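# Chains, contacts and geometry: an overview
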Amino acid sequence: MNEVVDADAKDLAQYGLDNPEYDVTISGKGKTDRILIGKDKDSIYAYAKFADKNVVYTVSKSSLEFTKTSAYKLMDKMILLVNISSATGVEFSGLGVSGRLDIEHKPTLDDKGEQKLDGNGKPMYDQFFTVGGKTVEDKVARYFYQTCIGLQTHSLVKEGWQPSGEPVAALTYYRNEEPKTIRIEFMAYDEDFYAVRM
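For the coordinates displayed, the defined rule picks out four aromatic pairs. Seen from their ring centres, Tyr-15 and Tyr-47 are 4.9 Å apart, and the 65° between their planes marks the pair as edge-to-face. Of the two residues, Tyr-15 is situated in the loop between strand 1 (4–6) and strand 2 (22–28) and Tyr-47 in strand 4 (residues 45–50); the sequence distance between them amounts to 32 residues. As far as burial versus exposure is concerned, Tyr-15 and Tyr-47 are alike and both buried. Each ring, one from Tyr-145 and one from Tyr-173, has its centre 6.2 Å from the other, and the planes form 80°; the classification is edge-to-face. With a gap of 28 residues between them, Tyr-145 in helix 2 (residues 138–149) and Tyr-173 in strand 10 (residues 169–175) connect regions that are remote in the sequence. In this structure, Lys-77 packs its charged tip against the face of Tyr-72, placed 4.5 Å from the ring centre. The ring of Tyr-174 has Arg-100 sitting right over it, with the charged end atom 3.9 Å from the ring centre.

Written as structure tokens, this is what we have:
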């Protein structure tokens, strides 16, 4: 807040605070403040006030740039990161191919045959990979798994778009903890992208 414009505002409409452009809640260290941002005063400042007070201030518009950021831009673009330690398998189907990589977790043993512990005192496990009961080379299996969890989104679907028909492809994770199964469906969207449904 830069300067006080009105110490006891009676007419909030003149500042655009009766119907604020932004309603921002800031929390931290056990305290929460709600700030209302109204119309522009000029090209540099906008009007603002704390929601529970009638004092109107100016606030630098440059400090409000974060309000123009969409929630999508703040999100991690990875579709879903399933830690391999909780995965018992991953299955892909669609686009003319299908297959399932099964993951078995066996205790990591030290020279004495006892299970190793990590730096946090938790038991360590090695992963062993199979497809259709046949062993898959560790490097190949991990590359496939990393490719699956590395899938990213590009943008939000267009407003009003609705999926239709069956998924073009699906990726299903099987886990040793809840939720036991997570299915990601890829729906026809446009010539360059699929829409993701979970």
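So, about the sheet that holds strand 8 (residues 125–131). As a general point, the strands of a sheet are linked pairwise by backbone hydrogen bonds and lie either parallel or antiparallel. Pairing is antiparallel in the open sheet, where seven strands are placed in the order 9-8-7-6-10-11-12. This sheet does not close on itself; its edge strands, each paired only once, are strand 9 (134–135) and strand 12 (194–197). Sheet analysis places strand 7 (residues 97–107) next to strand 8, joined by six bridges and oriented antiparallel. Each residue of the ladder has a partner; that of Lys-106, found in strand 8, is Asp-126. Contacts from helix 2 reach strand 6 (87–94), strand 7, strand 8 and strand 10 within the one sheet, and its direction differs from that of strand 8 by about 90°.

Conventions used here
Residues numbered from 1 in each chain as written. Predicted model: local features only at pLDDT ≥ 70, side-chain atom pairs only at ≥ 80, totals over all residues. Heavy atoms only, no water. Phe/Tyr/Trp six-rings, centres within 6.5 Å; stacked < 30°, edge-to-face > 60°. Helix = DSSP H or I, 4+ residues; strand = E, 2+ residues; numbered from the N terminus. Buried < 20%, exposed > 50% of the residue type's maximum accessible area, 1.4 Å probe, protein only. Lys NZ or Arg CZ within 6 Å of the ring centre and 35° of its normal. Pairing = 2+ DSSP bridges. Contact = heavy atoms within 4.5 Å. Axes fitted to C-alpha atoms, helices over the stretch in contact; angles between N-to-C directions.

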